[in-house]
Amino acid sequence: MAPAPAAAAATFQPVTLPALDYPYDALEPHIDARTMEIHHQKHHQAYVDGLNKALAGRADLPAASLDGLLGAVATVPEEVRTALRNHGGGHFNHSMFWSQMAKAPRPAPSGALEEAMRRDFGGFKPFQEKFTDAAMKRFGSGWSWLALAGGRLVVFSTANQDNPLMGEAAAGWAGTPLLGLDVWEHAYYLKYQNRRAEYVAAWWNVVNWEEVVHRHEAALTAGR
Ligand code: MN
């Protein structure tokens, strides 16, 4: 019997749809309840189902955890790589997205994250403008990100369900994701139709900065 390759011996762990820790109408009027319900129950569920179906029973993966798999996407067997990008990315991104919104959160970050924004962008407002600009310039479906890369904050957007874990530093879109904004039309079309700028402006009112500050602290501690 041939030994299993050391770098590709992990078994896929099925994922489940996480519950929201607030009701669907908690983010009204900024994000409407019907959009939240369909986005969570239909769109996110489809990514969960797609990932579980594509990777069911596989024991030849480079990592067991989802973030490990996304970070090693280039070495995942080719026949499941696209499904991992789309459905695994979709599950990871949406799980983050729900936890990074809250009813009536504090309006801006504090502490080390606020200081890092001042160092890397010139302040919170310039950061917001850069992030909004990335969200507006993403053509078609994708995400806008704040990430930590080599101890610095960076802002960029990605296509489809790609995220900073999959990125390449040389290509300018890699890092540990700290904050992500879904700019797929399914995230805003019911309330805002084609008016992405209105959706982005409204979304700033529900960003859960406590959660983003926590992710920043954890990424710094991990030496990212
Ligand atoms: Mn979405």
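What you see is a predicted model, and the numbers here were worked out from it, not measured in a lab. (Residues numbered from 1 in each chain as written. Predicted model: local features only at pLDDT ≥ 70, side-chain atom pairs only at ≥ 80, totals over all residues. Heavy atoms only, no water.)

## Some points on the coordination of the manganese ion
- Only His39 (NE2), His94 (NE2), Asp182 (OD) and His186 (NE2) from the protein reach the manganese ion as donors, at distances of 1.9 to 2.1 Å.
- Along the chain, the residues that donate to the manganese ion are spaced as H-x54-H-x87-D-x3-H. Taken together, the positions of His39 in helix H1 (residues 33-55) and Asp182 in strand E3 (residues 176-182) put the pair 143 residues apart, joining distant regions of the chain. Pair check on accessibility: His39 and Asp182 agree, each one buried. (Donors = N, O, S within 2.8 Å, 3.2 Å for Na, K, Ca; no water. Helix = DSSP H or I, 4+ residues; strand = E, 2+ residues; numbered from the N terminus. Buried < 20%, exposed > 50% of the residue type's maximum accessible area, 1.4 Å probe, protein only.)

## Describing helix H5 (residues 124-137)
- Between its first and last C-alpha, H5 extends 20 Å over 14 residues, near the 20 Å set by a 1.5 Å rise per residue.
- Where H5 is concerned, the buried positions are Phe124, Phe127, Gln128, Phe131, Ala134 and Ala135. All buried residues of H5 lie within an arc of 130 degrees about the axis, which places them on one face of the element. Seen from the buried face of H5, the exposed residues on the opposite side, beyond 90 degrees, are Lys125, Glu129 and Lys137.
- Next to the buried residues of H5 lie helix H4 (111-121), strand E1 (142-149), strand E2 (152-159), E3, helix H7 (196-203) and helix H8 (209-221). (Expected span 1.5 Å × (residues − 1). Arc of directions from axis to C-beta. Contact = heavy atoms within 4.5 Å.)

## Quick word on H1
- Given a rise of 1.5 Å per residue, 23 residues ought to cover 33 Å, and the 32 Å separating the end C-alpha atoms of H1 matches this to within 8%.
- At His39, H1 is bent by approximately 30 degrees, the largest bend along its length.
- Of all the residues in H1, the buried ones are Ala33, Thr35, Met36, His39, His40, His44, Tyr47, Val48, Gly50, Leu51, Asn52 and Leu55.
- Residues of H1 that are buried in the fold lie against helix H2 (66-71), helix H3 (78-99), E3 and helix H6 (189-192). (Bend = angle between axes of the 7 residues up to and from the residue.)

## Things to note about the nonpolar core
- By size, the foremost hydrophobic cluster in this structure holds 63 residues, and its most contacted members are Phe127, Leu146, Leu179, Trp203 and Trp209.
- If you tally residues by element for this core, the top one is H3, at six residues.
- Counting contributing residues, this core receives three or more from each of domain 1 (33-99) and domain 2 (111-221).
- Excluding its chain neighbours within four sequence positions, the residues that come into contact with Leu179 are Met96, Gln100, Phe127, Phe131, Ser144, Trp145, Leu146, Trp203, Trp204, Val207, Trp209 and Val212. (Core = buried A, V, L, I, M, F, W, Y, C linked by side-chain atoms within 4.5 Å. Domains from an automatic or database assignment.)

## Digging into the packing of aromatic side chains
- One pass over the structure, following the stated rule, counts 15 aromatic pairs.
- Ring geometry for Trp204 and Trp209: centres 6.5 Å apart, planes at 10 degrees, overall stacked.
- The structure contains a cluster of three or more aromatic residues connected by ring pairs, namely Phe121, Phe124, Phe127, Phe131, Trp203, Trp204 and Trp209. (Phe/Tyr/Trp six-rings, centres within 6.5 Å; stacked < 30°, edge-to-face > 60°.)

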